[in-house]
Amino acid sequence: PCHPKSNVMFLKTHKTASSTILNIMFRFAERHNLTVALPANELFHLGYPETFKASFVEEFQSIGQNYNIMCNHLRFNPSEVRKVMAANTFYFSIVRNPIHLLESSYVYYKDYVPAFRISKDVNEYLASPMKYYLPVDHEQNIYARNIMWFDFGYNNNAEDKEKYIQRVLREIEQNFHLILITDYFDESMILLKHTLCWDLDDVVYFKLNSRSQDTVQTLTPESKERIKTWCSLDWELYLHFNQSFWRRLEETIGLEELEKEVNQLRVRQKELMETCLSDQEAVGKDHINNKALLPFQAGAANILGYNLKEGLDNRTLRTCQKMVMPELQYMSYLYAVQHPHKKRKPL
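Residues numbered from 1 in each chain as written. Predicted model: local features only at pLDDT ≥ 70, side-chain atom pairs only at ≥ 80, totals over all residues. Heavy atoms only, no water.

Asker: Describe the state of the cysteines, with residues and values.
Answerer: Across all of its chains, the model carries two disulfides by this definition. With its sulfur 2.0 Å from that of its partner, Cys2 forms a disulfide with Cys197. On the sign convention where negative means left-handed, the S-S torsion of about 85° between Cys2 and Cys197 marks this disulfide as right-handed. Of this pair, Cys2 sits in the segment before strand E1 (8-11) while Cys197 sits in the loop between helix H10 (185-196) and helix H11 (200-203), placing them 195 residues apart in sequence. Of the residues examined, Cys197 reaches a relative accessible area of 16% and is grouped as buried. One disulfide in the model links Cys276 with Cys320; its S-S distance is 2.0 Å. Between Cys276 and Cys320, the disulfide has an S-S torsion of -70° and is therefore left-handed. Of this pair, Cys276 sits in helix H14 (residues 255-276) while Cys320 sits in helix H15 (residues 314-324), and the two are 44 residues apart along the sequence. Considered together, Cys276 and Cys320 belong to a single accessibility category, that of buried residues. Counting only the cysteines that form disulfides, in the order they appear in the chain, gives the pairing 1-2, 3-4. (Disulfide = S-S within 2.5 Å. Helix = DSSP H or I, 4+ residues; strand = E, 2+ residues; numbered from the N terminus. Buried < 20%, exposed > 50% of the residue type's maximum accessible area, 1.4 Å probe, protein only.)

Asker: An account of a nonpolar patch on the surface is needed here, citing residue identities and associated values.
Answerer: Together, Ile118, Leu134 and Val136 line one region of the surface with nonpolar side chains, adding up to about 290 Å² of accessible area. Topologically, Ile118 is positioned in the loop between helix H5 (114-117) and helix H6 (122-127). (Patch = residues over 30% accessible without salt bridge, like charges linked within 9 Å, V, L, I, M, F, W, Y side chains within 5 Å. Areas by Shrake-Rupley, 256 points an atom, 1.4 Å probe, with all protein chains shown as cover. Salt bridge = Lys/Arg side-chain N within 4 Å of Asp/Glu carboxyl O.)

Asker: Explain the layout of surface pockets to me, using residue names and the numbers behind them.
Answerer: Empty pockets left among the atoms are what a rolling probe the size of a water molecule brings to light. Taken as a whole, the second largest pocket encloses approximately 310 Å³ of empty space. Sorting the residues of the lining of the second largest pocket by element identifies helix H1 (18-31), H14 and H15 as the ones contributing at least two each. Counted by class, the lining of the second largest pocket contains four nonpolar, one polar and eight charged residues. (1 Å grid on protein atoms, 1.4 Å probe; cavity = no way out; pocket = protein on both sides within 12 Å on 5 of 7 lines; lining within 4 Å. Points joined across faces, edges and corners; volume = space filled by probe spheres on them. Nonpolar A, V, L, I, M, F, W, Y, C, P; charged D, E, K, R; others polar.)

Asker: Would you mind going over the packing of aromatic side chains in detail, with residue names and values included?
Answerer: The final tally for this structure, using the stated rule, is 28 aromatic pairs. Geometrically, the ring pair formed by Phe152 and Phe176 is edge-to-face, given 5.3 Å between the ring centres and 80° between the ring planes. You can see Phe152 sitting in the loop between helix H8 (147-151) and helix H9 (162-175) and its partner Phe176 sitting in the loop between H9 and strand E4 (178-181), a full 24 residues away along the chain. Given a relative accessible area of 2%, Phe152 falls into the buried group. With relative accessibility at 6%, the residue Phe176 sits in the buried group. With a centroid separation of 5.7 Å and 45° between ring planes, the pair formed by Phe206 and Tyr306 is classed as tilted. Here Phe206, found in the loop between H11 and helix H12 (221-230), pairs with Tyr306, found in the loop between H14 and H15; they are 100 residues apart in sequence, far enough to count as distant. An identical accessibility class is assigned to Phe206 and Tyr306; each is buried. Within the aromatic cluster, the residues linked to one another by ring pairs are Tyr48, Tyr108, Tyr109, Tyr112, Tyr143 and Phe150. Arg75 extends its terminal NZ or CZ atom over the ring of Phe150, reaching a point 3.7 Å from the ring centre. (Phe/Tyr/Trp six-rings, centres within 6.5 Å; stacked < 30°, edge-to-face > 60°. Lys NZ or Arg CZ within 6 Å of the ring centre and 35° of its normal.)

Asker: Just give me the short version of the side chain of Ser105, but keep the residues and values in it.
Answerer: Here Ser105 is to be found in helix H4 (residues 98-108). Assessed through its relative accessible area of 1%, Ser105 is described here as buried. In this view, Ser105 contacts Lys15, Lys110, Phe116 and Tyr143; residues no more than four positions away in its chain are not counted. (Contact = heavy atoms within 4.5 Å.)

What is shown is where atoms sit, not what they do.
Pasting the structure below:
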């Protein structure tokens, strides 16, 4: 029999369904009364895009290495993370096909990233990225090229030399026990459940921070090919870990068992949606009745949220609320619980 792992570090990468995983981590932490390494003071992330330092964690000086869960956005820095997390911590992250990732990033950060702001749409940007991606805007343009490479702590503008790429991939494999794949999210959750020795209800989820279909821009076949070159470091990262992901699944679970468990996860998810949600699905920002459950809205994206059913009993209501709670609200809530003497985070 295996024992559930409760010391877990999740590197939250951008535009990879990582907000949904953050919700899974927060719920697990609450259920088992674990301590989460939360951003200090009024911060909403652990110093991002600065390289992570232990001092970015609230009360690190007094709590030391006694945190169980770390999952807010940070730029990975193994030596500093190890100052915060116990020696037996399980490290995992998630990567996504850069073709879908870049389009998502474009819409979400349209108003914020100079390279995106001055181009008309994603296809125009990709037709000649260097026209828009100016060195002077380097810091704000991180979302416009090789963002996953950057999140893992590396230079997103590095030359894609084979030797360098192989060295970085080896380092990531040494630092992380598991890398999941956004494009196979349910399969990823089953692999995570097995690897952490968690229960099905620990990994069941409602999709969070997703956007409405009408804000998705259609990439031309040429644009898709250009992303592989423009974000070549991310492309290599994705190809490498997509391969190891499927290898791991076959070795640990087997594809037949996997299919069975993915179905169980989807059945359980459907049950919870029928129990919790009045609309049975996510709705656009203008249709969310309880503004306390409105997710943060960014760029040209319409970030979806949920409406809960009326008249739920207290216990069910608590479960449902936590499953639909957007990440900023959930973090603010956990912060108030863990640090009752500190000023609340401004939402």
